[in-house]
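A closer look at the structure
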Amino acid sequence: MNHGQSRDWRYLADDGVTASFGLAADEAVTRRQGTGDSPPTVRLYTYRSHCALVGRFQRAASELRLDDCRARGIAVNRRPTGGGAILMGADQLGVAVMTPRGEIERSWDRIRELFQRFGAGLCEALGKLGIPAEYRRKNDLEVQGRKIAGLGIYFDPSGGLLFHASLLVDLDIPLMLAVLRTPFEKISDKEIATVAERITTVRRECGREVALGDVRELVRRGYARTLGVELVPGGFGDDELAEIAALEREKYATPEWLERDPAVADASGSATVKTPGGLLSAHLTLAGDVLKAVYLTGDFFCDERIVLGLERVLRWHPAESARIVATLHTVRASEGLALPGIDTADVVRVIERAVDAARRQEQAAVAKGCFVNP
């Protein structure tokens, strides 16, 4: 059955799904977009508390503390979309938009446009709650520099497109850090506070106990308006459920899918230097010659927006010192991003030392979690 270009899209809402069902359902419906066997669909759902999901191109053992996941009964699986490791449960809203790909090109500029287009429904919903979210960097929605949602896109060979998002209505940060690997050598109250300052949640921004169901309804309305469609409530058809069950059995429940490894493992490193402005530490995740994520901490005094801004421009940045110097000089001049009493040379020096430490420990393969190393 070909659903054509109708303005009527299907709306699915389900809760407490297993990791394998949640992912298989999104991929199966996306696959059927290319053949016209399923209507364009917006699905807003929650996972059974808790599931740890790694990105398509990640190594599960590098991203997660698998023994801790098993001990806590946390299911582990791999998304069809890229991005980082995340913890999903009753307080995190999963978003899947599934539609025919059409003539969309897979260039990075085009993908950025898709992130903005399909992230707009989330931004509108958050705006209704008084939360000023915006698309930033590679694949994030941020609120004043703090990440509130991670985004991902998958192009199925059949011709379907899947947009994924994970919206933090709330988050148990100590639990997340207990099961996701991080660049920190230990998980202390200080490290928990450090990560907490880099992310935010709907309830934190609103300062009250917002029900996930209320957030979901705002997101549904946001997508209906920004996509210009009518979202008609529905369910999975029998043929879809059969395809989902087969995909669970043949892919998402198999060791081949869960244990696949990337060509290059991540590594982590930390270093501390003494500067006129105080102690400065860098904790980073390195993949080859790229800084995936950098945390800057210490006993210096500074507006936290400067620290968040520096961390932002250093994510997904070449680790080459000369290029780091050039970037830091540029953002100092254009945005005023500079640590008081700490020279650019000291920032570069601590990053160089942390990179050296990571390269000495490349076999450690520490993770890039979606909300830990955005």
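Structure report, in brief.

Basis of the calculations
- Residues numbered from 1 in each chain as written.
- Predicted model: local features only at pLDDT ≥ 70, side-chain atom pairs only at ≥ 80, totals over all residues.
- Heavy atoms only, no water.
- Helix = DSSP H or I, 4+ residues; strand = E, 2+ residues; numbered from the N terminus.
- Expected span 1.5 Å × (residues − 1).
- Buried < 20%, exposed > 50% of the residue type's maximum accessible area, 1.4 Å probe, protein only.
- Contact = heavy atoms within 4.5 Å.
- Pairing = 2+ DSSP bridges.
- Phe/Tyr/Trp six-rings, centres within 6.5 Å; stacked < 30°, edge-to-face > 60°.
- Lys NZ or Arg CZ within 6 Å of the ring centre and 35° of its normal.

What follows covers helix α13 (residues 344-360). Between the first and last C-alpha of α13 there are 25 Å, a value that for 17 residues agrees with the 24 Å anticipated at 1.5 Å per step. Looking at α13, one finds that the buried residues are T344, D346, V347, V348, V350, I351, A354, V355, A357 and A358. As for α13, its buried residues are in contact with β12 (267-275), β13 (278-287), β14 (290-298), α11 (304-314) and α12 (321-335).

Turning to the pairing of strand β9 (residues 146-155), a few remarks are in order. Along β9, ten of the ten residues are buried, which leaves the element largely enclosed by surrounding structure. The sheet contact formed by strand β8 (residues 140-143) and β9 spans four bridges and is antiparallel. Among the inter-strand pairings, D140 is bridged to a residue of β9, identified as G150. Following β8, the chain reverses through two residues before pairing antiparallel with β9; Q144 in that reversal takes a positive phi of roughly 50 degrees. The pairing of β9 with strand β10 (residues 160-168) spans seven bridges and is antiparallel. In the sheet register, L151 faces β10, and the bridge partner there is A165.

This next bit is on the packing of aromatic side chains. Pairs of aromatic rings are described using the distance from one ring centre to the other and the angle between the two planes. In total, this model carries five aromatic pairs according to the counting rule given. Between the aromatic rings of F21 and F236, the centroid separation amounts to 5.9 Å while the plane-to-plane angle is 90 degrees, which identifies the pairing as edge-to-face. Of the two residues, F21 is situated in helix α1 (residues 19-35) and F236 in the loop between β11 (230-233) and α9 (238-252); the sequence distance between them amounts to 215 residues. For the pair shown, F21 and F236 are each scored as buried. Geometrically, the ring pair formed by Y252 and W257 is edge-to-face, given 5.5 Å between the ring centres and 75 degrees between the ring planes. This pair shows no difference in class: Y252 is buried, exactly as W257 is. Above the ring of Y45, the side-chain terminus of R43 is found at 3.7 Å from the ring centroid. In this structure, K251 is placed above the aromatic ring of W257, and the distance from its NZ or CZ to the ring centre is 4.2 Å.

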